[in-house]
Amino acid sequence: MQSSHVEALKAKHAGLEARLHAEQIRPAPDIAMIQQLKKRKLKIKEELASC
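Quick summary incoming for the structure in this document.

### Focus: the side chain of Glu23
Here is step 1 of the chain: Its place among the elements puts Glu23 in helix H1 (residues 2-24).
Here is step 2 of the chain: Classification of Glu23 as buried rests on a relative accessible area of 12%.
Here is step 3 of the chain: Residues contacting Glu23, with those up to four places away along its chain left out, are Pro29, Asp30, Met33 and Ile34.

Rendered as structure tokens:
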């Protein structure tokens, strides 16, 4: 059960990383969206570290 939770978190983190990268390479990136994505990634990373 625990490993499936970790895998789900890793998948979410990877998805957020992809969205962050896509936003950063746009001609006019949305800075607020980038900050939000980074905060969400950090929360997931912290949760992964506690597992």
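### Describing the environment of Ala8
Here is step 1 of the chain: Its location among the elements puts Ala8 in helix H1.
Here is step 2 of the chain: Judged by its relative accessible area of 37%, Ala8 is partly exposed.
Here is step 3 of the chain: Between the C-alpha atom of Ala8 and that of Leu20, which follows or precedes it by 12 residues, the distance is 18 Å.

### So, H1
Here is step 1 of the chain: The terminal C-alpha atoms of H1, which comprises 23 residues, lie 33 Å apart, in line with the 33 Å expected from a rise of 1.5 Å per residue.
Here is step 2 of the chain: Turning to H1, its buried residues number three or more, namely Val6, Leu9, Leu16, Leu20 and Glu23.

### Describing helix H2 (residues 31-50)
Here is step 1 of the chain: If you check H2, its first and last C-alpha atoms are 29 Å apart, about what 20 residues at 1.5 Å a residue would give, namely 28 Å.
Here is step 2 of the chain: Taken together, the buried positions of H2 are Ile34, Leu37, Lys41 and Ile44. Along the long axis of H2, the arc covered by the buried residues comes to 95°, so they all point the same way. Opposite the buried face of H2, by more than 90 degrees, sit the exposed residues Ile31, Ala32, Lys39, Lys43, Ala49 and Ser50.

### A look at the pattern of salt bridges
Here is step 1 of the chain: The full count for this structure, using the stated rule, is two salt bridges.
Here is step 2 of the chain: Notably, a salt bridge pairs Lys41 with Glu17, separated by 2.1 Å at the nearest N-O pair. Here Glu17 lies in helix H1 and Lys41 lies in helix H2, a separation of 24 residues in the sequence.
Here is step 3 of the chain: Look at Lys41 and you get buried, because its relative accessible area is 15%.
Here is step 4 of the chain: Close ionic contact of Arg26 with Glu23 constitutes a salt bridge, the shortest N to O distance being 3.2 Å.
Here is step 5 of the chain: With relative accessibility at 41%, the residue Arg26 sits in the partly exposed group.

Thresholds applied
Residues numbered from 1 in each chain as written. Predicted model: local features only at pLDDT ≥ 70, side-chain atom pairs only at ≥ 80, totals over all residues. Heavy atoms only, no water. Helix = DSSP H or I, 4+ residues; strand = E, 2+ residues; numbered from the N terminus. Buried < 20%, exposed > 50% of the residue type's maximum accessible area, 1.4 Å probe, protein only. Contact = heavy atoms within 4.5 Å. Expected span 1.5 Å × (residues − 1). Arc of directions from axis to C-beta. Salt bridge = Lys/Arg side-chain N within 4 Å of Asp/Glu carboxyl O.

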